[in-house]
Amino acid sequence: METNSRETNHRMKTKAEPSHPPVWLLMPDSQPKRARSAERLTRPRQAAPPLDEEALRDRLRAIRTDTANHLDELLGQLTSTLQEQYGVTSLEATTAQEAADEIARLASPSRRVLVNRSATVAELRPYLKAHGLEIVETYDEQFVHPDQGVERYWQLEPPSAETAWEAFRPQAITPSPRQSTDIGVLGVNVAAAKDGTVFFVQHLFNISDILERASKIVLVIGVERVVRDRDAAAFVARSQARYGALSVALGVPRRGGDSKGEVPVGRSLTPASPVRDAAHVPMHAILLDNGRRAWLSDPRYQDLFLCIGCRNCLLECPTQPYYGGETGWTPRDYLAAFLRGDSSSLRECITCGRCGARCPLDIDLPAMISEAKAEAGATRWQDQFYCNIGTLFQASSLTAPLSNWLFNWPLARLPMEWVSEMDRERKLPAFHRNTFLNQYRRRSSAPASGRAVVYYPGCYANFTDPELSWAVVGILERNGFRVLVPEHQCCGVACFPYGAKELAQRYARRRLRVFGPLAQEGYTILVSCPSCGTALERDFPYLLPESDDARLVAEQTRDVSDFLWALHQRGELDTDFDPLKLRVGYHTPCHLRVRDLGPENLRLLELIPGMEPIDIDRGCCGMAGSFGMRRAHREESREIGRYLFEELRSPGYDLGITNCAGCEMQMRAGSGRDVVHPLKLLWRAYSNSGSK
Ligand code: SF4
Ligand code: SF4
């Protein structure tokens with residue numbers, strides 16, 4: 001009853017004082033450009049003024065932090081602005097169900113709801129459907145890429161930051177009421193509390209279409225999308241457009257014929273003519289919480305509240321093409337769904353960590369995903385096998401060559417697959433009884449002087465690839481360093497992604513007992529394994545935030561290639577390399593990508609005369625730690641790595657190159673080519689590489 005009178009009041013008010021909150025669209029600045037939106041975004045043609053990326057991110061973070069710190073104040077201000085200035089009533093919906101109930105009530109008797117492609121509206125979809133409403137979204141049918149269907153990020157030519165920033169122009173628009181019975185439900189990109197302005201980012205026409213065809217508009221505003229004023233809102237909306245510029249072009253279907261001609265505009269929409277005796281379309285607002293406030297009160301997830309919904313984290317997610325879903329999907333959306341109780345939503349995450357690499361707000365999604373898994377007790381007993389892979393490596397090394405024979409015997413692999421889920425078709429590396437550390441301790445001579453550095457080979461290089469460890473030692477000694485190799489222990493990097501947080505913390509503490517004192521003495525700790533590097537640099541300080549040693553070790557850990565490249569930049573690297581006539585394809589492992597590393601390997605290889613290193617970035621190779629080792633993931637793992645294998649198989653490559661032993665295994669199996677660590681090539685190219 002009360003709700004009905006609210007509705008009546010609103011109608012009376014809109015008739016007496018026709019008004020609506022200012023609606024601004026951010027879109028490519030002309031219709032032809034919009035028709036070729038993907039092309040415009042990905043093929044910059046004109047120079048734009050330089051952008052101060054760091055200042056932009058700082059301002060973005062400041063605006064978002066302001067919302068997080070003053071949420072109630074801003075929501076209160078927006079609600080009263082909408083009511084007092086425009087007669088628009090707002091419902092604060094605690095759950096998606098509550099919001100959908102309100103929309104169904106407002107839509108009645110119509111059964112058609114026109115929606116934009118919005119993560120906020122996507123939360124309501126199942127509940128709207130349960131009300132028997134037909135949901136119409138026209139985004140995909142309007143989007144055209146002129147040349148090809150774009151499936152993966154490397155197929156897009158990235159626009160410069162400036163072009164992406166300049167590509168979208170804000171325009172104020174005035175929706176007018178129509179005779180249509182359709183109701184428009186629009187997820188708002190950003191709303192300004194002070195004057196009630198709402199911003200939408202539009203790549204083509206879908207939002208304009210809805211504003212022009214719906215008889216009534218419901219603005220769905222995620223509570224985190226409210227900022228202080230119009231300036232801040234415009235800035236955030238523009239940032240969404242800028243950082244999301246590439247991800248919107250992913251999954252765009254290929255169109256036949258000349259796609260630069262006719263663009264299908266709102267084919268699913270019913271034409272509607274304007275209502276002549278009313279000036280403005282009735283609007284309603286729903287402020288949607290649906291679990292968002294809970295993020296703020298939990299230190300593990302509170303950064304999620306800063307998210308601007310740009311979808312940039314989607315770009316490199318290897319599972320995105322398979323699990324994108326009907327409404328588009330981002331790692332952030334999956335995590336949010338998980339935190340709202342959808343325990344199945346994170347199963348598709350293969351914990352590669354790539355979603356953390358591109359976030360303009362540095363939201364650590366991979367850590368949050370691991371936290372969520374830990375909270376849900378998602379670690380299964382089979383996962384323990386992979387969490388404790390270091391122990392398995394040690395046991396396999398102690399029992400070699402028997403272990404190697406067993407791992408190659410199909411009859412033994414079958415029960416192993418039952419117990420551990422390890423794919424029996426996976427060829428495992430050979431374990432060395434005489435580990436690198438044993439060999440190192442027994443070496444007859446070592447440099448007595450030189451600047452000392454610590455080298456941590458990790459389990460793979462210690463137990464299965466002493467040749468790599470020797471290459472690292474050889475290169476470092478060749479450049480005047482004295483290499484210290486401490487007692488070997490696993491870093492436990494596999495534990496946290498499986499949600500085994502306490503076990504990961506135990507591994508970290510154990511490692512820090514060795515590395516902590518070394519870091520305190522000022523040693524640089526060098527790693528050749530990208531995953532061990534991620535554990536030391538990123539996981540340890542996250543897992544043990546109170547530990548000074550964890551912070552110090554993280555600061556002093558360097559990937560060997562990065563260390564050597566820095567040496568070269570200071571003019572201190574010995575570049576007296578023998579020629580190696582090889583054309584090699586380099587793959588950046590995820591655990592380097594997330595630490596902004598990788599290209600230095602190409603630069604180092606370019607120093608070798610005759611060497612032609614090619615960057616063959618095709619995203620994750622499909623191994624993703626131990627994901628690809630499991631029988632259940634065999635097909636998916638191959639499918640994720642398919643593009644990389646195809647490239648490496650193509651004529652002209654002599655070798656594949658990568659830093660990670662898991663990627664190496666996967667690339668070798670998928671492409672049939674030999675694959676080696678770049679430091680082995682570097683060592684081979686030193687003229688005296690035969691000596692130890
Ligand atoms: S960790 Fe990898 S698979 Fe998981 S959501 Fe992030 S990018 Fe996707
Ligand atoms: S998590 Fe970061 S990258 Fe992903 S949508 Fe949010 S702001 Fe964008």
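Note that the structure is a prediction, hence the values are computed from the model and not measured.

Colleague: Account for the overall build of the chain, with residues named and values stated.
Modeller: Along the chain, the regular secondary structure elements total 32 helices and 19 strands. Relative to all contacts within the chain whose residues are 6 or more apart in sequence, the contacts with residues 24 or more apart total 81%. Accessible surface, the chain as shown: approximately 28,000 Å² in total, 50% of it carbon and sulfur.

Colleague: So, the pairing of strand β16 (residues 582-586): which residues are in play, and what are the values?
Modeller: Along any regular strand, the residues point their side chains to alternate faces of the sheet. Most of β16 is tucked away, with four of its five residues classed as buried. Here β16 runs beside strand β17 (residues 611-615); their pairing, made up of five bridges, is parallel. Residue pairing in the sheet places tyrosine 586 in a bridge with aspartate 615 of β17.

Colleague: Explain empty space enclosed by the protein to me, and be specific about the residues and the numbers.
Modeller: Tallied over the full model, the rule gives three cavities of 30 Å³ or more. Approximately 70 Å³ is the volume found for the largest cavity. Forming the boundary of the largest cavity are 15 residues, of which Arg152, Tyr153, Glu316, Cys317 and Pro318 lie nearest the centre.

Colleague: Hey, could you go over the environment of serine 547 for me, with residue numbers and the actual values?
Modeller: Here serine 547 lies in the loop between α25 (530-543) and α26 (548-556). By relative accessible area, serine 547 is classed as buried at 17%. Remark: the alpha-carbon pair of serine 547 and arginine 509, spanning 38 residues in sequence, is separated by 9.2 Å. Looking at serine 547, its side chain comes within polar contact range of the main-chain nitrogen of aspartate 549, at 3.3 Å.

Colleague: A description of helix α30 (residues 634-649) should follow, citing residues and the corresponding values.
Modeller: The end-to-end C-alpha distance of α30 is 20 Å, clearly below the 22 Å that 16 residues give at a rise of 1.5 Å each. For α30, the principal kink sits at arginine 642 and spans about 55 degrees. Burial in α30 covers these residues: Arg634, Glu636, Ser637, Ile640, Gly641, Tyr643, Leu644, Phe645 and Leu648.

Colleague: Give me the lowdown on a positive patch on the surface, citing residues and values where you can.
Modeller: Together, Arg506, Arg509, Arg510 and Arg513 make up a region of like positive charge exposed at the surface. Tracing the sequence through the fold places arginine 509 in helix α24 (residues 501-520). Here arginine 509 falls in the partly exposed class, since its relative accessible area comes to 39%.

Colleague: Please set out the sheet that holds strand β13 (residues 481-484) residue by residue, giving values where relevant.
Modeller: The strand order β13-β12-β14-β15 describes an open sheet built from four strands, whose pairing is parallel. Two strands close off the open sheet at either side, each with one partner strand: β13 and β15 (557-559). Across the sheet, the mean angle from the axis of one strand to that of its neighbour is 40 degrees, orientation sign disregarded. Note: strand β14 (residues 525-527) against β15, three bridges, orientation parallel.

Colleague: Explain the side chain of serine 90 to me, using residue names and the numbers behind them.
Modeller: On the secondary structure map, serine 90 appears in strand β2 (residues 90-93). A residue is classified by how much of its surface remains accessible, and serine 90, at 17% relative accessible area, is buried. Once you skip the residues sitting within four places of it in the chain, serine 90 turns out to touch Thr79, Leu82 and Ala285.

Colleague: Help me get a handle on the site of ligand 1, residues and values and all.
Modeller: Surrounding ligand 1, one finds Cys317, Pro318, Pro331, Cys349, Ile350, Thr351, Cys352, Gly353, Arg354, Cys355 and Ile369. Along the lines of polarity and charge, the residues of the shell around ligand 1 split into eight nonpolar, two polar and one charged.

Colleague: Describe the packing of helix α27 (residues 560-569) against helix α29 (residues 599-606), listing the residues and the values that go with them.
Modeller: It is the contact of α27 with α29, at a shortest axis distance of 9 Å, that shows an interaxial angle of 55 degrees. Taken together, the axes of α27 and α29 lie oblique to each other. Handedness of the crossing formed by α27 with α29: left-handed. Of the residues in α29, those touching α27 at Ser561, Asp562, Leu564 and Trp565 are Glu600, Asn601, Arg603 and Leu604. When the residues that make up the contact of α27 with α29 are grouped by side-chain class, the tally is three nonpolar, two polar and three charged.

Colleague: Can you lay out the pattern of salt bridges for me, pointing to particular residues and giving the numbers?
Modeller: Counting across every chain of the model gives 51 salt bridges. Among the ionic pairs, aspartate 362 bridges to arginine 57, the shortest N-O distance being 3.9 Å. Here aspartate 362, found in the loop between α15 (331-339) and α16 (365-375), pairs with arginine 57, found in helix α4 (residues 53-69); they are 305 residues apart in sequence, far enough to count as distant. Relative accessible area serves as the criterion here: at 54%, aspartate 362 is assigned to the exposed category. Arginine 57 sits in the partly exposed class, given a relative accessible area of 27%. In this structure, the salt-bridge partner of lysine 680 is aspartate 465, at a minimum N-O distance of 3.0 Å. Placement of the pair is lysine 680 in helix α32 (residues 678-685) and aspartate 465 in the loop between α22 (458-464) and α23 (466-478), with a sequence separation of 215 residues. Taking the relative accessible area as the measure of exposure, lysine 680 reaches 13% and is therefore buried. Exposure remark for aspartate 465: the relative accessible area of 15% places this residue in the buried category. Taken together, the salt bridges that share partners define one network made up of Glu123, Glu224, Arg225, Arg292, Arg332, Asp333 and Arg340.

Colleague: Any details on α24? Residues and values, ideally.
Modeller: Quick reminder: α-helices carry 3.6 residues per turn. Residues three or four places apart thus point the same way. By the largest-angle criterion, arginine 513 marks the main kink of α24, which is about 45 degrees, and a proline, proline 517, follows within four residues. Those residues of α24 not exposed but buried are Leu503, Ala504, Gln505, Tyr507, Ala508, Arg511, Leu512, Phe515, Gly516, Leu518 and Ala519. Looking at the buried side of α24, the elements it contacts are α17 (381-387), α18 (389-398), β12 (451-456), β14, α25 and α26.

Colleague: Before we move on, can you summarise the environment of serine 180 with the specific residues and values?
Modeller: Tracing the sequence through the fold places serine 180 in the loop between β5 (168-173) and β6 (183-187). Judged by relative accessible area, serine 180 falls into the buried class, the value being 12%. When the C-alpha atoms of serine 180 and arginine 213 are compared, they prove to be 6.4 Å apart, with 33 residues separating the residues in sequence.

Colleague: So what about the packing of aromatic side chains? Which residues, and what values?
Modeller: Here the structure, examined in full by the defined rule, presents 17 aromatic pairs. Residue placement shows arginine 510 over the ring face of tyrosine 507; its charged tip is 5.0 Å from the ring centre. The cationic tip of arginine 583 hangs over the ring face of tyrosine 653; the distance from NZ or CZ to the ring centre is 4.9 Å.

Colleague: Kindly report on a nonpolar patch on the surface, identifying the contributing residues and their values.
Modeller: A cluster of nonpolar side chains, Leu402, Trp405, Leu406, Trp409 and Leu411, forms an exposed patch at the surface whose accessible area comes to about 530 Å². Tracing the chain through its elements places leucine 402 in helix α19 (residues 402-407). Given a relative accessible area of 52%, leucine 402 falls into the exposed group.

Colleague: A description of the sheet that holds β2 should follow, citing residues and the corresponding values.
Modeller: In space, the six strands of this open sheet follow the order β2-β11-β9-β6-β3-β4, with parallel pairing throughout. Whereas interior strands pair on both sides, the edge strands pair on one side only; in this sheet they are β2 and β4 (134-137). Each strand of the sheet is rotated relative to its neighbour by a mean of 25 degrees, with strand direction disregarded. Judged from the six bridges that link them, strand β9 (residues 216-222) and strand β11 (residues 283-288) form a sheet pairing that is parallel. In the strand pairing of β11, isoleucine 217 is matched with methionine 283. The strands touched by helix α5 (residues 71-86) are β2, β9 and β11; relative to β11, the strand with the most contacts, the crossing angle is about 170 degrees. Sheet strands touched by helix α6 (residues 96-107): β2, β6, β9 and β11. Its angle to β11, the strand with the most contacts, is close to 170 degrees.

Definitions and limits used
Residues numbered from 1 in each chain as written. Chains lettered and ligands numbered in written order. Predicted model: local features only at pLDDT ≥ 70, side-chain atom pairs only at ≥ 80, totals over all residues. Heavy atoms only, no water. Helix = DSSP H or I, 4+ residues; strand = E, 2+ residues; numbered from the N terminus. Contact = heavy atoms within 4.5 Å. Areas by Shrake-Rupley, 256 points an atom, 1.4 Å probe, with all protein chains shown as cover. Buried < 20%, exposed > 50% of the residue type's maximum accessible area, 1.4 Å probe, protein only. Pairing = 2+ DSSP bridges. 1 Å grid on protein atoms, 1.4 Å probe; cavity = no way out; pocket = protein on both sides within 12 Å on 5 of 7 lines; lining within 4 Å. Points joined across faces, edges and corners; volume = space filled by probe spheres on them. Polar contact = N/O pair within 3.5 Å; in protein donor to acceptor, adjacent residues only side chain to side chain. Expected span 1.5 Å × (residues − 1). Bend = angle between axes of the 7 residues up to and from the residue. Patch = residues over 30% accessible without salt bridge, like charges linked within 9 Å, V, L, I, M, F, W, Y side chains within 5 Å. Salt bridge = Lys/Arg side-chain N within 4 Å of Asp/Glu carboxyl O. Lys, Arg positive; Asp, Glu negative; His and termini not counted. Charge placed at Lys NZ, Arg CZ, Asp CG, Glu CD. Axes fitted to C-alpha atoms, helices over the stretch in contact; angles between N-to-C directions. Near = heavy atom within 4 Å. Nonpolar A, V, L, I, M, F, W, Y, C, P; charged D, E, K, R; others polar. Parallel < 35°, antiparallel > 145°, perpendicular 65-115°, else oblique. Left-handed = near helix turned anticlockwise from the far one by under 90°. Phe/Tyr/Trp six-rings, centres within 6.5 Å; stacked < 30°, edge-to-face > 60°. Lys NZ or Arg CZ within 6 Å of the ring centre and 35° of its normal.

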